[in-house]
Amino acid sequence: MSDITVDLIDSRSSLEAPSRAAIALVTLALAVGSFGIGTGEFVIMGLLPEVADTFGVTTPLAGHVISAYALGVVVGAPVIAILAAKMARRTLLLLMMAIFAAGNISSALAPTFESFAALRFITGLPHGAYFGVAALVAASMVPVHRRVRAVGQVMLGLTIATLIGTPIATFLGQLLNWRAAFMMVGGVGLVAMLLIALFLPKDKVEEGASIARELGALRRIQVWLTLGIAAVGFGGMFSIFSYVATTTTQVAGLGTGMVPVVLALFGIGMNVGNIVGSRLGDLSLKGTIGGMMVFNVIIMTLFSLTAANPVMLCLCVFLIGCGFAACPAVQTRLMDVAADAQTLAAASNHSAFNIANALGAWLGGLVISWGFTAASTGYVGAVLSVFGLIVFGLSVALERNGRGV
């Protein structure tokens, strides 16, 4: 066990040896929050035409609200983590979920497109901080050999959102009105607030906590390298997912009715990957990260080679979703390498994933604009995974040499 990991265990919050029932209830509360955030992030993608019609703008222009939310995540995660350095974790979680719930309810009531876009930015601000702090709380309640599973259980809310929450909210939005979908997401946020208030014990601010200490994470090269793994290495998943509908219809020749099925396979894969990857991560943290990078290179290349075959397309999309297996391990490694500046590092992980989202979608679209088919996004993903693997290799090499802390 590394000295950094020992420091992590010693610096845990005041949640001391809770019972299994208490752990289960806290995990449920945190996972409900992540379910709400995941649903709120992705539901807009299926409701863009309705939003565009309401505000009298084009669908591409309406799509800017997705970027506004992502920008909120990228900005909010490090800023909130720094400003809230001396705030108890329970209080911070309640505050983040309150902002999220209010942001979604206000989004549902937005009178103009400009106000709607601004509210989506505000709603994205607590995203990263919530996930980062929730991961720290979950890991603090269990023995060190179960930390990754604890983090994965919190993230399970996010992966279930892609499979269940987003489709339900989208259906509600199409059946009634897109505003109803955001009201529903805001309601989930309020429920999460209630559960956190009921089940998460009050904790004290850690001794020595300060803005300066959190900023210390930025001086650690291992923090930057681990964020680099997330920002680059997972861009491939988003490159493929962003254009999977086009691949399904134009490359595999399937009808539009099969697009939801393919998307569901991706969601199932994410859930399977999260569960399996969490267990693998507790066995070997670095082995899981490196192994999944190699796995992604192989599967994404296979995707491009076989996407014209409907059976292989479905299989590869499922397996690409399984690539989420590395996410709990990356989140946990960030907590390890950050030492006593865990909040900033853990929260910034979700800024890195949103950078991966933007990078993957941009590069995938660029390749398609050059005249290649949508299946070529698999090659883009494979290349990004290779770069992620290189960054990971550099991180491990520096760690073995006792440098780059």
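Fair warning: this is a prediction, and the values are worked out from it, not measured in the lab.

K.L.:
Tell me about the packing of helix α4 (residues 64-83) against helix α17 (residues 342-369), and please be specific about residues and values.
P.N.:
The relative placement of two packed helices is expressed as an angle between their axes plus a distance between the axes. It is at 8 Å that the axes of α4 and α17 come closest, and there the two elements cross at 170°. Relative to α17, the element α4 lies roughly antiparallel. Contacts from Ala-70, Val-73, Val-74, Ala-77, Pro-78, Ala-81 and Ile-82 in α4 reach Thr-343, Leu-344, Ala-347, Ser-348, His-350, Ser-351, Asn-354 and Ile-355 in α17. Partitioning the contact of α4 with α17 into residue classes produces ten nonpolar, five polar and no charged.

K.L.:
Can you break down helix α8 (residues 178-199) residue by residue, with the values?
P.N.:
Here α8 contains 22 residues, and its C-alpha end-to-end distance of 32 Å stays within 8% of the 32 Å for a straight helix at 1.5 Å per residue. For α8, every residue scored as buried is listed here: Trp-178, Ala-180, Ala-181, Phe-182, Val-185, Gly-186, Val-188, Gly-189, Ala-192, Leu-195 and Ile-196. The elements touched by buried residues of α8 are α2 (20-55), α5 (89-108), α6 (113-140) and α7 (147-175). The N-cap of α8, judged by a side-chain oxygen 2.8 Å from the amide nitrogen of Arg-179 a few residues on, is Asn-177.

K.L.:
Account for the packing of aromatic side chains, with residues named and values stated.
P.N.:
Following the criterion strictly, the structure yields nine aromatic pairs and no others. With 5.0 Å between their ring centres and 65° between their planes, Phe-116 and Trp-178 make a pair best called edge-to-face. A residue pair is termed long-range when its members are at least 10 positions apart, and Phe-116 in helix α6 and Trp-178 in helix α8 qualify at 62 residues. Both residues of the pair, Phe-116 and Trp-178, belong to the buried class. Each ring, one from Phe-116 and one from Phe-182, has its centre 5.7 Å from the other, and the planes form 80°; the classification is edge-to-face. Of this pair, Phe-116 sits in helix α6 while Phe-182 sits in helix α8, placing them 66 residues apart in sequence. Pair check on accessibility: Phe-116 and Phe-182 agree, each one buried. What links up through ring pairs into an aromatic cluster is the set Phe-55, Phe-113, Phe-116, Trp-178 and Phe-182.

K.L.:
Give me the side chain of Thr-123: which residues, what numbers.
P.N.:
Tracing the chain through its elements places Thr-123 in helix α6. Taking the relative accessible area as the measure of exposure, Thr-123 reaches 0% and is therefore buried. A polar atom in the side chain of Thr-123 sits 2.6 Å from the backbone oxygen of Leu-119. Those residues in contact with Thr-123 that lie beyond four places of it in its chain are Tyr-69, Phe-100, Gly-103, Asn-104 and Ser-107.

K.L.:
An account of the state of the cysteines is requested, with residue identities and associated values reported.
P.N.:
Going through the model one piece at a time under the given rule, you end up with zero disulfides. Between Cys-316, a cysteine without a disulfide, and Cys-314, which holds the nearest cysteine sulfur, the sulfur-to-sulfur distance is 9.6 Å. There is no disulfide at Cys-327, and the cysteine sulfur nearest it, in Cys-322, is 12 Å away. Owing to a relative accessible area of 1%, Cys-327 belongs among the buried residues under this scheme.

K.L.:
Residue-level account of α2, with values.
P.N.:
Compared with an ideal rise of 1.5 Å per residue, which puts 36 residues at 52 Å, α2 spans 49 Å between its outermost C-alpha atoms and is within 8% of the ideal. Along α2, the sharpest kink reaches roughly 70°, centred on Leu-47 and followed within four residues by the proline Pro-49. Gly-56 sits one or two positions beyond α2 and adopts a positive phi of about 70°.

K.L.:
Tell me about the domain arrangement of the protein, and name the residues and values.
P.N.:
Parsing the protein into structural domains produces domain 1 (18-201) and domain 2 (213-404). When each unit is reduced to the centre of its C-alpha atoms, the spacing between domain 1 and domain 2 is 21 Å. Tallying the contact residues gives 34 residues for domain 1 and 33 residues for domain 2. At the boundary of domain 1 with domain 2, total buried surface from both sides reaches about 2800 Å², with 69% on carbon and sulfur atoms. Where domain 1 touches domain 2, the interface holds two salt bridges. Among the salt bridges present, the one from Arg-149 reaches Asp-282, with a minimum N-O distance of 2.9 Å. Inspection of the domain 1/domain 2 interface yields nine residue pairs in polar contact (both at pLDDT 80 or more). Breaking the side of domain 1 that touches domain 2 down by element, the ones donating at least two residues are α4, α6 and α7. With twelve residues, the single largest contributor to the side of domain 1 that touches domain 2 is α7. Across the side of domain 1 that touches domain 2, the residue classes break down as 22 nonpolar, seven polar and five charged.

Quick notes on the rules
- Residues numbered from 1 in each chain as written.
- Predicted model: local features only at pLDDT ≥ 70, side-chain atom pairs only at ≥ 80, totals over all residues.
- Heavy atoms only, no water.
- Axes fitted to C-alpha atoms, helices over the stretch in contact; angles between N-to-C directions.
- Helix = DSSP H or I, 4+ residues; strand = E, 2+ residues; numbered from the N terminus.
- Parallel < 35°, antiparallel > 145°, perpendicular 65-115°, else oblique.
- Contact = heavy atoms within 4.5 Å.
- Nonpolar A, V, L, I, M, F, W, Y, C, P; charged D, E, K, R; others polar.
- Expected span 1.5 Å × (residues − 1).
- Buried < 20%, exposed > 50% of the residue type's maximum accessible area, 1.4 Å probe, protein only.
- Polar contact = N/O pair within 3.5 Å; in protein donor to acceptor, adjacent residues only side chain to side chain.
- Phe/Tyr/Trp six-rings, centres within 6.5 Å; stacked < 30°, edge-to-face > 60°.
- Disulfide = S-S within 2.5 Å.
- Bend = angle between axes of the 7 residues up to and from the residue.
- Domains from an automatic or database assignment.
- Buried area = accessible area lost by both parts, 1.4 Å probe.
- Salt bridge = Lys/Arg side-chain N within 4 Å of Asp/Glu carboxyl O.

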